[in-house]
Amino acid sequence: MWDNGLKYGLVTRVLHWSIATLLAYQLGGVIVGMVLGETPLTEAWGSEHKATGLLLFILAVVRAVWGLVNLRQRPAAHRELIGKAAVAGHLVLYGLLLVVPAIALVRQYGSGRPFEAFGLTIMQGGPDKIEWMTKLGSDFHGEMAWVLLVMIALHIVMTLVHQFVWKDGTLKRMAG
Ligand code: HEM
Ligand code: HEM
């Protein structure tokens with residue numbers, strides 16, 4: 001269940017890999033939509049964007065709280081600069097994972113339109129549009145999501161370096 005000094009526990013691993021899978025689905029849907037344009041497949045995929053994004057936000061909050069609870073018993077990073085860079089990179093990933101969907105939800109609220117997902121009313125519609133909220137989302141949601149994609153790519157490259165160049169067993173700590 002819990003993380004320990006040698007590896008991440010079951011909860012952390014399930015959260016890490018389910019978020020990674022959902023993000024691949026979320027970003028994949030946007031990219032396929034850009035490449036193929038409007039097709040029945042991309043429209044169906046795109047229609048799930050808000051609900052998937054909401055689920056990702058909830059999982060990200062749970063993961064951040066779980067990370068804080070386990071903070072003192074996580075596998076340690078290297079003491080040198082490279083270890084500090086890894087911790088900083090993970091913090092940026094956490095930040096983007098929270099901020100990207102959060103600002104989209106703020107925009108959704110500010111649009112005044114109702115928002116339903118998973119058969120539930122998440123937000124009631126309101127009569128007024130709140131300009132700063134819609135502008136925040138339009139200015140930053142997509143842009144920061146692309147930065148998240150770049151950070152994930154770097155994260156995967158570093159995993160490959162750990163696995164095949166340094167051969168230090170880092171992947172095992174998260175793969176179980
Ligand atoms: C971690 C979760 C999310 C990721 C990774 C993500 C990613 C993206 C990306 C890459 C785009 C395309 C940007 C572009 O065209 O350059 C986009 C657009 C959009 N997203 Fe999300 N999204 C997430 C969550 C959400 C949520 C929760 C909502 C609403 C409740 C939402 C609503 C939208 C809308 C309306 C657009 C089209 C307008 C725009 O480009 O900003 N997204 N998203
Ligand atoms: C194929 C995809 C991925 C692979 C192979 C992978 C691999 C790993 C590995 C091996 C670790 C452990 C690092 C260590 O012990 O220092 C880790 C940790 C981490 N990964 Fe990934 N990862 C992937 C996708 C993602 C994605 C999409 C995110 C998006 C946010 C992410 C965020 C994190 C974070 C924040 C940590 C630090 C531990 C934590 O707090 O959960 N990873 N990853």
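Since this is a predicted model, take the numbers as computed values, not measurements.

Asks: Got a minute to help me understand the overall build of the chain in this structure?
Replies: A tally of helices and strands in the chain yields six helices and two strands. Principal-axis analysis of the C-alpha atoms gives the chain an extent of 55 × 35 × 30 Å. Burial status across the chain gives 31% buried among its 176 residues. Considering only intrachain contacts with a sequence separation of at least 6, the fraction spanning at least 24 residues in the chain is 70%.

Asks: It is not clear to me how helix H3 (residues 49-69) should be interpreted in this structure. Could you clarify?
Replies: Within an α-helix, residues lying three or four positions from one another point in the same direction, as the helix has 3.6 residues per turn. With 21 residues, H3 should cover 30 Å at 1.5 Å per step; its first-to-last C-alpha distance of 30 Å lies within 8% of that length. If you check which residues of H3 are buried, you get Ala51, Thr52, Gly53, Leu54, Leu56, Leu59, Ala60, Arg63, Trp66 and Gly67.

Asks: I'm lost on the coordination of the iron atom of ligand 2 in this one. Help?
Replies: Where a metal carries four tetrahedral donors, each ideal angle is 109.5 degrees; where it carries six octahedral donors, the ideal angles are 90 or 180 degrees. Only His16 (NE2) and His155 (NE2) from the protein coordinate the iron atom of ligand 2, and they sit 2.0 Å from it. Because the angles between the six donor atoms bound to the iron atom of ligand 2 fall within 87 to 179 degrees, the donor set is best described as octahedral. Highlighted residues: His16 in helix H1 (residues 10-36) and His155 in helix H5 (residues 131-166), separated in sequence by 139 residues. For His16, a relative accessible area of 13% translates into the label buried.

Asks: Would you mind showing me how to read the site of ligand 2 here?
Replies: Around ligand 2, the structure places 19 residues, and the nearest of them are His16, Arg74, Tyr94, His155 and Arg173. Within the side chain of Tyr8, one N or O atom sits 3.2 Å away from an oxygen atom of ligand 2. Note that a nitrogen atom of ligand 2 is positioned 2.8 Å from one of the side-chain N or O atoms of His155. At the level of secondary structure, the elements contributing two or more residues to the shell around ligand 2 comprise H1, helix H4 (81-110), H5 and helix H6 (170-175).

Asks: Help me understand the coordination of the iron atom of ligand 1 in this model?
Replies: Taken together, the protein donors to the iron atom of ligand 1 comprise His49 (NE2) and His141 (NE2), at separations of 2.0 Å. With six donor atoms in place around the iron atom of ligand 1 and angles of 86 to 179 degrees between them, the coordination shape is octahedral. Here His141 lies in helix H5 and His49 lies in helix H3, a separation of 92 residues in the sequence. His49 sits in the partly exposed class, given a relative accessible area of 29%.

Asks: It is not clear to me how the side chain of Asn70 should be interpreted in this structure. Could you clarify?
Replies: Inspection of the secondary structure assignment puts Asn70 in the loop between H3 and H4. Once you skip the residues sitting within four places of it in the chain, Asn70 turns out to touch Trp2 and Asp3.

Here is what the cut-offs are and how they apply
- Residues numbered from 1 in each chain as written.
- Chains lettered and ligands numbered in written order.
- Predicted model: local features only at pLDDT ≥ 70, side-chain atom pairs only at ≥ 80, totals over all residues.
- Heavy atoms only, no water.
- Helix = DSSP H or I, 4+ residues; strand = E, 2+ residues; numbered from the N terminus.
- Buried < 20%, exposed > 50% of the residue type's maximum accessible area, 1.4 Å probe, protein only.
- Contact = heavy atoms within 4.5 Å.
- Expected span 1.5 Å × (residues − 1).
- Donors = N, O, S within 2.8 Å, 3.2 Å for Na, K, Ca; no water.
- Tetrahedral: all angles 85-135°; square planar, octahedral: opposite > 155°, others 65-115°.
- Near = heavy atom within 4 Å.
- Polar contact = N/O pair within 3.5 Å; in protein donor to acceptor, adjacent residues only side chain to side chain.

Everything listed is a geometric property; what it means functionally is a separate question.
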